[in-house]
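Secondary and tertiary structure notes
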Amino acid sequence: QVELVEAGGGLEQAGGSLSLSCAASGRTSSLYAMAWFRQPPEKERDFVAAITVRGGAPYYADSAKGRFTISRDYAKSTIHLHITDLKPEDAAVYYCAATSGGIATKMTSDYGFWGQGTQVTVSS
């Protein structure tokens with residue numbers, strides 16, 4: 001079993017930046033990849049970015065390219081998401097996800113482990 005805990009959400013002004021982190025614990029040696037998803041109010045949960053735990057280039061949703069950066073700290077079993085030039089449409093609950101299954105795409109069904117989410121609010 002793997003547990004994921006997100007941190008770093010909050011209220012930021014439009015145009016500002018924000019960093020989120022996700023720490024994994026438990027059987028982290030089994031993990032293949034970790035990812036970020038977000039879910040705006042009354043909308044579906046959408047893929048933002050993913051990264052493999054032991055190497056490889058990150059993978060972004062088209063909507064996240066340019067302002068979002070995902071990174072990993074393998075030794076700490078932690079990933080980060082840095083968002084610049086925040087926009088009101090970035091407001092959402094951001095979820096960390098992880099998979100040990102050897103495949104990581106933008107599909108929520110690829111990920112077997114999920115955090116509780118952290119709220120990001122953007123004021124205009």
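First things first, this report covers the structure right here in the doc. (Residues numbered from 1 in each chain as written. Predicted model: local features only at pLDDT ≥ 70, side-chain atom pairs only at ≥ 80, totals over all residues. Heavy atoms only, no water.)

Thoughts on the overall build of the protein chain
Which entries qualify depends on this criterion: Secondary structure follows DSSP: runs of H or I at least 4 residues long count as helices, runs of E at least 2 residues long count as strands, and numbering of each begins at the N terminus. Here the globule rule reads 2.2 Å times residues to the power 0.38, and the radius of gyration is calculated from C-alpha atoms. Each residue's exposure class comes from its accessible area (1.4 Å probe, protein chains only) as a fraction of the maximum for that residue type: buried when under 20%, exposed when over 50%, partly exposed otherwise. A contact between two residues is defined here by any heavy atoms of the two lying within 4.5 Å. Values of accessible area rely on a 1.4 Å probe in the Shrake-Rupley scheme; residue burial ignores everything except the protein chains shown.
Counting its secondary structure elements, the protein chain contains zero helices and eleven strands. Counting from the amino terminus, the protein chain carries its helices and strands in the arrangement β-β-β-β-β-β-β-β-β-β-β. Taking 2.2 N^0.38 as the reference for a compact globule, 124 residues should give roughly 14 Å; the C-alpha atoms of the protein chain span a radius of gyration of 13 Å, in line with that estimate. If one aligns the C-alpha atoms of the protein chain with their principal axes, the spans along those axes are about 40 × 25 × 25 Å. Looking at the protein chain as a whole, 40% of its 124 residues are labelled buried. For the protein chain, long-range pairs separated by at least 24 residues make up 56% of all intrachain contacts whose partners lie at least 6 apart in sequence. Of the accessible surface of the protein chain, which amounts to about 6,500 Å², a share of 49% is contributed by carbon and sulfur atoms.

Section: the pairing of strand β11 (residues 118-123)
Successive residues of a regular strand alternate their side chains across the two faces of the sheet. Applicable threshold: For two strands to pair, DSSP has to find at least two bridges joining them.
Only one face of β11 is covered, namely the face carrying Thr118, Val120 and Val122; the face carrying Gln119, Thr121 and Ser123 is uncovered. In this structure, strand β2 (residues 10-13) lies alongside β11, joined through four bridges in parallel fashion. Bridge assignment links Gly10 to a residue of β11, and that residue is Val120. Direction of pairing for strand β9 (residues 92-99) relative to β11: antiparallel, over a ladder of three bridges.

Some words on the nonpolar core
Nonpolar side chains in soluble globular proteins generally cluster together in the buried interior. Here is the rule we go by: Take the buried residues of types Ala, Val, Leu, Ile, Met, Phe, Trp, Tyr and Cys, join any two whose side-chain atoms come within 4.5 Å, and each joined set is a nonpolar core.
The biggest cluster of nonpolar side chains holds 35 residues, and the ones touching the most others in it are Leu4, Met34, Trp36, Leu81 and Tyr94. When residues of this core are traced back to their parent elements, those giving at least two are β1 (2-7), β3 (18-26), β4 (33-39), β5 (46-52), β7 (68-73), β8 (78-83), β9 and β11. Residues contacting Leu81, with those up to four places away along its chain left out, are Leu18, Ser19, Leu20, Trp36, Val48, Phe68, Thr69, Ile70 and Tyr94.

Side note on the state of the cysteines
Note the threshold: When the sulfur atoms of two cysteines come within 2.5 Å, that pair is taken as a disulfide.
Summed over all chains, the structure comprises one disulfide. The residue that forms a disulfide with Cys22 is Cys96, at a sulfur-sulfur distance of 2.0 Å. One quick way to see it: the torsion about the S-S bond of Cys22 and Cys96 is about -80 degrees, and its sign makes the bridge left-handed. Taken as a pair, Cys22 in strand β3 and Cys96 in strand β9 lie far apart in primary sequence, 74 residues in all.

Details of the sheet that holds β8
Rules: Helix axes are fitted only over the stretch in contact, all axes being lines through C-alpha atoms; the angle between N-to-C directions runs from 0 to 180 degrees.
Taking strand neighbours across the sheet as the criterion, the four strands line up as β1-β3-β8-β7 in an open arrangement whose pairing is antiparallel. Of all strands in the sheet, those with a lone pairing partner are β1 and β7, marking the two edges. Going across the sheet, the axis of each strand differs from the next one's by a mean of 20 degrees, ignoring polarity. Pairing between β1 and β3: six bridges, direction antiparallel. By the bridge assignment, Ala7 is partnered in β3 with Ser21.

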